[in-house]
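# An overview of the molecular structure
What follows is each chain in one-letter form.
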Amino acid sequence: MLEIKGLKKKFDDLEVLKGIDLSVKKGDVISILGSSGSGKTTLLRCLNFLTMADEGEMIFDDVHYDLARMSKKEIFDIRKKTAFVFQNYALFINKTALENVTEGLIVARKMDKKEAITLAKEALDRVGLSDRYDYYPRQLSGGQQQRVAIARAMVYRPEIIYFDEPTSSLDPELIGEVLSVMRDLAQSGMTMIVVTHEMNFAKNVSSKVIFMEGGKIVEEGTAKEIFEEAKEERTRRFLASYYDRI
């Protein structure tokens, strides 16, 4: 479905990604773990062209792309198949939950307004916000705002949804409601790549777990292989330090 070969990215003299190879199958839920500064978010942003890679190859649905020489049309074609959920929600503060979900369908996809509203309501219902259509972001909790953002991603019916630490801005009591929606998406067969610090989600929901350090993939495998049978000392130390903090 999606394959990345040799993805590299520099910011000035700082090499943030040092040759990333990644393979994604339909229905995969891939959790990317690592310390701050390991390159996790930059990798995710390069996959959706929010940040442009300096080097590398992408194969998406059997079409080959040179990541350093992407045309606007190629980027648009790929973005039609993907969606991105940001850690800070990225909602329009002057639009209701329903309007936030319909905006892209009407403006970018040129969809009929009635059809867009029907799809948006279905998506909001699915994330448990059927009673919040007309609420503005300021009237919603952080968890509810993030669920609106997930509904906005879902409504495009993407092949892959990228999640960039979707619970990191939430109070602890609100994290569960967002993770519950993500679990439901995973169970429905949605392909997801998730940068996260939520170890229980990574351990219990992921089909594959990746641990990054210093712009490289140090280790990858099934959740069991990473959490119970990690081969690399750096992976084991990262997980041990996490469990020591809880």
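All of the points below concern the structure found in this document.

Calculation rules
Residue numbers restart at each chain and count upward from 1, following the sequence in its written direction. For a predicted model such as this one, the threshold for reporting local features is a pLDDT of at least 70, and the threshold for listing and counting side-chain atom pairs is 80 or more; totals across whole chains, interfaces and linings nevertheless cover every residue. Excluded from the side-chain calculation are hydrogens and water; included are all heavy atoms of the structure. Relative accessibility thresholds used throughout: buried, under 20% of the residue-type maximum; exposed, over 50%; partly exposed, between the two (1.4 Å probe, protein chains only). Each helix is a run of DSSP H or I of at least 4 residues and each strand a run of E of at least 2, with the numbering of both proceeding from the N terminus. Axis definition: a line fitted to C-alpha atoms, over the contacting stretch in the case of helices. Angles run 0 to 180 degrees between N-to-C directions. The cut-offs work like this: below 35 degrees is roughly parallel, past 145 is roughly antiparallel, 65 to 115 is roughly perpendicular, and the gaps in between are oblique. The hand of a helix crossing depends on one turn: near helix anticlockwise from the far one by less than a right angle means left-handed, and clockwise means right-handed. Contact between two residues is taken to exist if any of their heavy atoms lie within 4.5 Å; hydrogens are not considered. Polar here means any residue outside two lists: the nonpolar Ala, Val, Leu, Ile, Met, Phe, Trp, Tyr, Cys and Pro, and the charged Asp, Glu, Lys and Arg; Gly therefore counts as polar. Any Phe, Tyr or Trp ring, taking Trp's six-membered ring, that has another such ring centre within 6.5 Å forms a pair; planes under 30 degrees apart are called stacked, those over 60 apart edge-to-face, and the others tilted. Should DSSP find at least two bridges between two strands, the strands are taken to pair. Salt bridge, as used here: a side-chain nitrogen of Lys or Arg that lies within 4 Å of a carboxyl oxygen of Asp or Glu.

## Examining helix α1 (residues 40-47)
An α-helical segment advances 3.6 residues per turn. Residues three or four places apart therefore align on the same side. With six of its eight residues buried, α1 lies for the most part within the structure. Turning to α1, its buried residues are Lys40, Thr42, Leu43, Leu44, Cys46 and Leu47. Within two residues after α1, Phe49 carries a phi angle of roughly 65°, on the positive side.

## Thoughts on the packing of helix α4 (residues 113-126) against helix α5 (residues 142-154)
The interhelical angle for the contact between α4 and α5, taken along N-to-C directions, is 135°, at an axis separation of 9 Å. Taken together, the axes of α4 and α5 lie oblique to each other. Every pair of crossing elements has a handedness; the one defined by α4 and α5 is right-handed. Across the interface between the two elements, Ala123, Leu124 and Arg126 of α4 pack against Val148, Ala151 and Met154 of α5. Per-class residue counts for the contact of α4 with α5 are five nonpolar, no polar and one charged.

## As for the packing of aromatic side chains
Counting across every chain of the model gives three aromatic pairs. Between Phe84 and Phe86, the ring centres sit 4.6 Å apart and the planes meet at 40°, which makes this aromatic pair tilted. Centre to centre, the rings of Phe211 and Phe238 are 5.0 Å apart; their planes meet at 40°, and the pair counts as tilted. Here Phe211, found in strand β9 (residues 208-213), pairs with Phe238, found in helix α9 (residues 233-245); they are 27 residues apart in sequence, far enough to count as distant. Like Phe238, Phe211 is buried.

## Examining the sheet that holds strand β6 (residues 82-85)
Read from one edge to the other, the open sheet built from six strands follows the order β6-β7-β8-β3-β9-β10, with strand pairing classed as mixed. Looking along the sheet, the strands with just one partner apiece sit at the ends: β6 and β10 (216-221). Averaged over neighbouring strand pairs, the angle between their axes works out to 20° when direction is ignored. Pairing of strand β7 (residues 160-164) with strand β8 (residues 191-195), which is carried by five bridges, proceeds in the parallel orientation. Opposite Tyr162, over in β8, you have Ile193 as the bridge partner. Where α5 meets the sheet, it contacts β6 and β7, and its direction lies at approximately 170° from that of β6.

## So, the sheet that holds strand β4 (residues 55-60)
The four strands lie next to each other as β2-β1-β4-β5, forming an open sheet whose pairing is antiparallel. Of all strands in the sheet, those bounded by a partner on one side alone are β2 (14-24) and β5 (63-66). Here the average twist between neighbouring strands, direction ignored, is 20°.

## A few points about the environment of Met192
Its place among the elements puts Met192 in strand β8. Met192 gets classed as buried once you look at its relative accessible area, which sits at 0%. Separated by 166 residues in the primary sequence, Met192 and Lys26 have C-alpha atoms spaced 9.1 Å apart. Each residue touching Met192, except ones within four places of it in the same chain, is listed here: Asp28, Val29, Ile30, Ile161, Phe163, Met182, Leu185, Ala186 and Phe201.

## A few points about the pattern of salt bridges
Following the criterion strictly, the structure yields 15 salt bridges and no others. Residue Arg237 is joined to Glu233 by a salt bridge in which the shortest nitrogen-to-oxygen separation is 3.8 Å. Of this pair, Arg237 and Glu233 both sit in helix α9, separated by four residues, roughly a single helical turn. You can call Arg237 partly exposed: its relative accessible area is 47%. Judged by its relative accessible area of 42%, Glu233 is partly exposed.

## Digging into the pairing of strand β1 (residues 2-11)
In this sheet, β2 lies alongside β1 in antiparallel orientation, the contact comprising eight bridges. Along β2, the bridge assignment pairs Ile4 with Leu22. Turn length for the β1-β2 hairpin, with the two strands adjacent in sequence and antiparallel, is two residues, and the turn residue Asp12 shows positive phi of about 55°. Bridge count for β1 against β4 is five bridges, and the pairing is antiparallel.

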